[in-house]
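Take a look at the letters that make up each chain.
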Amino acid sequence: VPIIRTVGLTKVYGGGDAATHALRGVDAVIHRGELIAVMGPSGSGKSTFFNMIGGLDGPTGGRILIDEVDVAQLSAAELAFLRCRKIGYIFQQYNLVRYMTALENVTVPMAFAGVDPDAARGRGMALLETVGIAQRWDHRPVELSGGQQQRVAIARALANRPAILLADEPTANLDFATGQDVLDLLVRINRDAGVTVVCSTHDHRLLALCDRIMWIKDGRLDRVQEREDVRITV
Ligand code: ADP
Ligand code: ADP
């Protein structure tokens, strides 16, 4: 059973002569436990695809099914549950809260989910350990490097044990070595915790690590490459 499925997913921004057709009918299938790379040129619709699946913005056509349930059929409470508990999201720009420490940033989603504050701090520290930044738990984002901030953002995304981790260009603003560390971390989260990871990237190092690659071109799913093919072409 696919964990994520889109059927004719369509997104048009604006209207009339100014309309931008960002997604033009994407039929995608992602299975539980997969590590998927989403690749394609800038402006091809990758961020839009992530924003639709993550529920940050609504499609103009087509359907999104999570665990075969159409998200359009969900109540507001069920949608909130999906966004808060089932899907973790990491962004190119980290999007940490500036005035909060690393640990506070990680505990925010747990507070939303009603987790007891002591338990949230305990789990928050454990997550910061997992991503290798526990010693900086009381640092604010401005006191952390880009790679360290991205680690905090990954810990935050995992706070409520999501089944799905969406990562939109997670290494775009990182140097080569730090980017490798973040990719290794995503692979470890996928393999060890069984989290389904969907990662958009221009980073070709991910091609050898992922299960499949979805190539997006001009708002369409151009082709899907299996890992066997990946090994031959890379
Ligand atoms: P990618 O992530 O592959 O770079 P995007 O999904 O960001 O692609 O963008 C796809 C197309 O949609 C681009 O032409 C972009 O300019 C346009 N677009 C994205 N977001 C918006 C928006 N909020 N309003 C208008 N156009 C947008
Ligand atoms: P990337 O190409 O790395 O995915 P973009 O620079 O295309 O990032 O987009 C960054 C953000 O700006 C996204 O949230 C996207 O939806 C928004 N965006 C992109 N293009 C436009 C646009 N033409 N008008 C308004 N918002 C846009």
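Residues numbered from 1 in each chain as written. Chains lettered and ligands numbered in written order. Predicted model: local features only at pLDDT ≥ 70, side-chain atom pairs only at ≥ 80, totals over all residues. Heavy atoms only, no water.

A. Region of the structure containing the site of ligand 1. Every residue close to ligand 1 is listed here: Tyr13, Thr20, Ala22, Pro41, Ser42, Gly43, Ser44, Gly45, Lys46, Ser47 and Thr48. The separation between an oxygen atom of ligand 1 and a polar main-chain atom of Ser44 is 3.1 Å. Protein chains bury 58% of the 560 Å² of accessible surface belonging to ligand 1 in isolation. For the shell around ligand 1, the elements supplying multiple residues, two or more each, are strand 2 (20-31) and helix 1 (46-53). The element that contributes the greatest number of residues to the shell around ligand 1 is helix 1, accounting for 3 residues. (Near = heavy atom within 4 Å. Polar contact = N/O pair within 3.5 Å; in protein donor to acceptor, adjacent residues only side chain to side chain. Areas by Shrake-Rupley, 256 points an atom, 1.4 Å probe, with all protein chains shown as cover. Helix = DSSP H or I, 4+ residues; strand = E, 2+ residues; numbered from the N terminus.)

B. Spotlight on the pattern of salt bridges. Tallied over the full model, the rule gives 10 salt bridges. Where Asp57 meets Lys11, a salt bridge forms, and the shortest distance between an N and an O atom there is 3.4 Å. Highlighted residues: Asp57 in the loop between helix 1 and strand 4 (61-66) and Lys11 in strand 1 (residues 2-13), separated in sequence by 46 residues. Taking relative accessible area as the criterion, Asp57 reaches 32% and is therefore assigned partly exposed. For Lys11, a relative accessible area of 7% gives the class buried. Taking the shortest distance from any N to any O, the salt bridge between Arg205 and Asp203 comes out at 2.8 Å. The class of Arg205 is buried, set by a relative accessible area of 18%. Beyond isolated ion pairs, a larger network of salt bridges with shared partners links Arg32, Asp67 and Lys86. (Salt bridge = Lys/Arg side-chain N within 4 Å of Asp/Glu carboxyl O. Buried < 20%, exposed > 50% of the residue type's maximum accessible area, 1.4 Å probe, protein only.)

C. Quick peek at the environment of His202. Within the element layout of this structure, His202 appears in the loop between strand 8 (196-200) and strand 9 (212-217). For the pair His202 and Glu169, spaced 33 residues apart in sequence, the C-alpha separation works out to 7.4 Å. For His202, the contacting residues outside a window of four places in its chain are Met39, Gly40, Pro41, Ser42, Lys46 and Glu169. A polar atom in the side chain of His202 sits 3.4 Å from the backbone oxygen of Gly40. (Contact = heavy atoms within 4.5 Å.)

D. Layout of the pairing of strand 9. Within strand 9, 5 of the 6 residues are buried, which leaves it mostly tucked inside the rest of the structure. In this sheet, strand 9 lies alongside strand 3 (residues 35-39) in parallel orientation, the contact comprising 4 bridges. Note that in strand 9 the partner of Met39 across the bridge is Trp215. Across 6 bridges, strand 9 lies against strand 10 (residues 220-226) in antiparallel orientation. Pairing of Trp215 across the sheet is with Arg223, part of strand 10. (Pairing = 2+ DSSP bridges.)

E. A look at the packing of helix 5 (residues 146-157) against helix 6 (residues 176-193). Running from N to C, helix 5 and helix 6 cross one another at 15°; their axes reach a closest spacing of 10 Å. Considered as vectors, helix 5 and helix 6 are oriented roughly parallel to each other. As for the relative orientation of helix 5 and helix 6, their crossing is right-handed in sense. In this structure, helix 5 contributes Gly147, Gln150, Arg151 and Ile154 to the contact, and helix 6 contributes Thr178, Asp181, Val182, Leu185, Leu186 and Ile189. In terms of residue class, the contact of helix 5 with helix 6 is built from 5 nonpolar, 3 polar and 2 charged. (Axes fitted to C-alpha atoms, helices over the stretch in contact; angles between N-to-C directions. Parallel < 35°, antiparallel > 145°, perpendicular 65-115°, else oblique. Left-handed = near helix turned anticlockwise from the far one by under 90°. Nonpolar A, V, L, I, M, F, W, Y, C, P; charged D, E, K, R; others polar.)

F. Up close: the environment of Ser44. Note that Ser44 resides in the loop between strand 3 and helix 1. The exposure class of Ser44 is buried, given its relative accessible area of 3%. Residues Ser44 and His21 lie 23 residues apart in sequence; the distance between their C-alpha atoms is 9.7 Å. Once you skip the residues sitting within four places of it in the chain, Ser44 turns out to touch Ala22, Ile216, Lys217, Asp218 and Gly219. Here the side chain of Ser44 touches Pro41 through a polar contact of 2.6 Å, landing on its backbone oxygen.

Any link to function would need more than the numbers given here.
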